[in-house]
Amino acid sequence: MAALGLKLPEVVPPLATYQPAVRSGAYAFTSGQLPMVDGVVPVAGKVGIEVSAEQAKELPAVSVLNALAAVKSVVGDLDRIVRVVKVVGFVASAPDFTGQPGVVNGASELLGKVLGESGVHARSAVGVAVLPLDAPVEIEVQVEVRDHELSDGSPSHP
């Protein structure tokens, strides 16, 4: 990440009663992550009205960094990620906006840059009426993780 000029943020505190991420066996699941920067959503509104598709495409990458911080909080080290299994992207959309997949590409592209082949994943991109704090996007990430490496360097699963 450092080579890409990216820094993992602090885990975004929950807005309600939930955990930012949980681990179950070989998987870690994040709660929906907003594109929060220093405690605020930098751009608010619906994509296709107040927010352009181009502006919106940058926001899922911020959400993914927040998701990776949440994953790290439950697995200890991002090097334990075997692969990203699934990404779900929610896009607060104007009624006639149909470019949700292009917006959520911002998340997928960042995961590919940061994790290489391990960042390739299944994905859903869903248009919704409104998101918390009037955020344009929200991203959930599910990853497979290993506990540690065996002496031969192969992954060990719980």
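Scroll up to find the structure.
Bear in mind that the values here come from a model prediction, so they are computed numbers and not experimental data.

1. Brief notes about the pattern of salt bridges
When the charged atoms of two side chains with opposite charge come close together, those side chains can pair. Within this structure, the stated rule accounts for two salt bridges. Ionic pairing is found between aspartate 147 and arginine 23, a salt bridge with its closest N-O pair at 2.8 Å. Here aspartate 147 is found in the loop between strand S5 (137-145) and strand S6 (148-149), whereas its partner arginine 23 is found in strand S1 (residues 21-24), with 124 residues between them in sequence. Note on arginine 23: relative accessible area 28%, which makes it partly exposed. Taking the shortest distance from any N to any O, the salt bridge between lysine 57 and glutamate 109 comes out at 3.3 Å. With lysine 57 in helix H1 (residues 53-75) and glutamate 109 in helix H2 (residues 100-115), the pair connects residues that are 52 residues apart, well separated along the chain. Look at lysine 57 and you get partly exposed, because its relative accessible area is 32%. Taking relative accessible area as the criterion, glutamate 109 reaches 38% and is therefore assigned partly exposed.

2. Brief notes about H2
Each α-helix turn comprises 3.6 residues. Residues three or four places apart therefore point the same way. A rise of 1.5 Å per residue sets the reference length of H2, with its 16 residues, at 22 Å; its end C-alpha atoms lie 23 Å apart and thus fit the reference within 8%. Among the residues of H2, Gln100, Val103, Val104, Gly106, Ala107, Ser108, Leu110, Leu111 and Val114 are the ones counted as buried. Where the residues of H2 are buried, they touch H1, strand S3 (81-92), strand S4 (122-128) and S5. Downstream of H2 by a residue or two, glycine 116 has a phi angle that is positive, lying close to 60 degrees.

The rules behind the values
- Residues numbered from 1 in each chain as written.
- Predicted model: local features only at pLDDT ≥ 70, side-chain atom pairs only at ≥ 80, totals over all residues.
- Heavy atoms only, no water.
- Salt bridge = Lys/Arg side-chain N within 4 Å of Asp/Glu carboxyl O.
- Helix = DSSP H or I, 4+ residues; strand = E, 2+ residues; numbered from the N terminus.
- Buried < 20%, exposed > 50% of the residue type's maximum accessible area, 1.4 Å probe, protein only.
- Expected span 1.5 Å × (residues − 1).
- Contact = heavy atoms within 4.5 Å.

Purely geometric stuff here, so don't read any function into it on its own.
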